[in-house]
Amino acid sequence: MTITRFVLNEQSKYPESLGDFSILLNHIVLGCKFVCSAVNKGEEQKKLDVLSNEVFIKALVSSGRTCILVSEEDDEATFVEPSGRGRYCVVFDPLDGSSNIDCGVSIGTIFGIYMVKDGHEPTLNDVLQPGKNMLAAGYCMYGSSCMGAMMMVHELVLSTGSGVNGFSLDPSLGEFILTHPEIKIPKKGKIYSVNEGNAINWDGPTAKYVEKCKFPEDGSSAKSLRYVGSMVADVHRTLLYGGIFLYPADRKSPNGKLRVLYEVFPMSFLMEQAGGQAFTGKQRALDLVPTKIHERSPIFLGSYDDVEEIKALYNAEEKKE
Ligand code: AHM
Ligand code: MG
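Residues numbered from 1 in each chain as written. Chains lettered and ligands numbered in written order. Predicted model: local features only at pLDDT ≥ 70, side-chain atom pairs only at ≥ 80, totals over all residues. Heavy atoms only, no water.

Novice: Help me understand the coordination of the magnesium ion (ligand 2), please; the structure alone is not making it clear to me.
Specialist: By definition of the ideal shapes, a tetrahedral metal site with four donors has angles of 109.5 degrees and an octahedral site with six donors has angles of 90 or 180 degrees. Within the protein, Asp93 (OD), Asp96 (OD) and Glu263 (OE) serve as the donor atoms for the magnesium ion (ligand 2), at 2.0 to 2.1 Å. Each donor residue of the magnesium ion (ligand 2) lies on one chain, and together they are spaced D-x2-D-x166-E. Here aspartate 96, found in strand S3 (residues 88-96), pairs with glutamate 263, found in helix H6 (residues 260-273); they are 167 residues apart in sequence, far enough to count as distant. Take aspartate 96: its relative accessible area is 9%, and that puts it in the buried class. (Donors = N, O, S within 2.8 Å, 3.2 Å for Na, K, Ca; no water. Helix = DSSP H or I, 4+ residues; strand = E, 2+ residues; numbered from the N terminus. Buried < 20%, exposed > 50% of the residue type's maximum accessible area, 1.4 Å probe, protein only.)

Novice: I'm lost on the packing of helix H1 (residues 3-12) against helix H2 (residues 20-40) in this one. Help?
Specialist: Geometrically, a packed helix pair is captured by the angle between its two axes and the distance between the axes. For the pair H1 and H2, the least separation of the axes is 9 Å and the interaxial angle reads 155 degrees. Looking at the two axes, H1 sits roughly antiparallel to H2. Handedness of the crossing formed by H1 with H2: right-handed. For the pair H1 and H2, contact is made by Ile3, Thr4, Val7, Leu8 and Gln11 and by Asp20, Phe21, Ser22, Leu25, Asn26 and Val29, respectively. When the residues that make up the contact of H1 with H2 are grouped by side-chain class, the tally is six nonpolar, four polar and one charged. (Axes fitted to C-alpha atoms, helices over the stretch in contact; angles between N-to-C directions. Parallel < 35°, antiparallel > 145°, perpendicular 65-115°, else oblique. Left-handed = near helix turned anticlockwise from the far one by under 90°. Contact = heavy atoms within 4.5 Å. Nonpolar A, V, L, I, M, F, W, Y, C, P; charged D, E, K, R; others polar.)

Novice: How do you make sense of the site of ligand 1 when you look at a structure like this?
Specialist: Every one of the 14 residues lining ligand 1 counts as a neighbour, but Asp96, Asn195, Tyr227, Met231 and Tyr247 are closest to it. Within the contact set of ligand 1, an oxygen atom lies 3.1 Å away from a side-chain nitrogen or oxygen of glutamate 72. Between ligand 1 and the protein, one listed contact pairs an oxygen atom with a side-chain N or O atom of asparagine 195 at 2.8 Å. Taken by itself ligand 1 offers 470 Å² of open surface, and the protein chains cover 77% of this. Secondary structure elements with two or more residues in the shell around ligand 1: S3 and strand S11 (244-247). (Near = heavy atom within 4 Å. Polar contact = N/O pair within 3.5 Å; in protein donor to acceptor, adjacent residues only side chain to side chain. Areas by Shrake-Rupley, 256 points an atom, 1.4 Å probe, with all protein chains shown as cover.)

Next up, the structure:
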């Protein structure tokens, strides 16, 4: 089952649909393939960031199905010319984790899709929507070029709002093939994933949670620590093996590091669709209403039971205050 076929099948469940959504997704997939090939050719890091952004903007505009694009690389949103406009807004990080390129660690593209419903003139308010209003979200993970040898496995993980499916690029076909149908995250995991170098600045609940991962008080085994420092890779492992990924607030960065629209929301959408949870320290991540396109938020996401534990710690803290 190729991703093209898969998306067409999904779309055929909605006979009233015009096929716009599959055309848009095909253009996103094309952008991912282009970035895969650029990453494998080992272009320079700076150029790769810029190149990936240009590729995505062009692929999305030329689909004729978009009206607003928000990219991590651009300070301002792009409004598509009225003559080439469609109903969809796409928020994306064209190449996340790019500091990892030179050592061959996986990097990725993250995206989310909203729709402008009633055909009004699109404004920024159409993208400043809570993550629960997204129609679809996903990421593509690229292995970077390894000493000149091609890394062949590229994964694309997608949710159109009814579960999560994983596709792998078959280089001989140049097509993404469904390899991980209906991904469900384990209810509880054995791994925690966080940059512990920031521990000196953490707040009480985060510090307490990580302490419990290492020194559990209920007789369970300690969790293992895994941290790549590339969100797509850390979230991909969390989705498949279970556990929790944290990028908390700290004294230096009171809103954490990760961006709401194109990092926190798409990954939270995928986690919920796979049966997990995503929490900001205050609320369900997908309920957050962003006020700026590059807004940041703390994030705790992963296995249902693991996120439940951190929620309990933050709720207890709130009661104390
Ligand atoms: P970037 O958008 O500048 O690449 O930063 C985002 C990346 C994420 O992929 C990753 O989860 C995080 O930064 C790691 O941050 P840190 O190095 O502070 O642990
Ligand atoms: Mg990023």
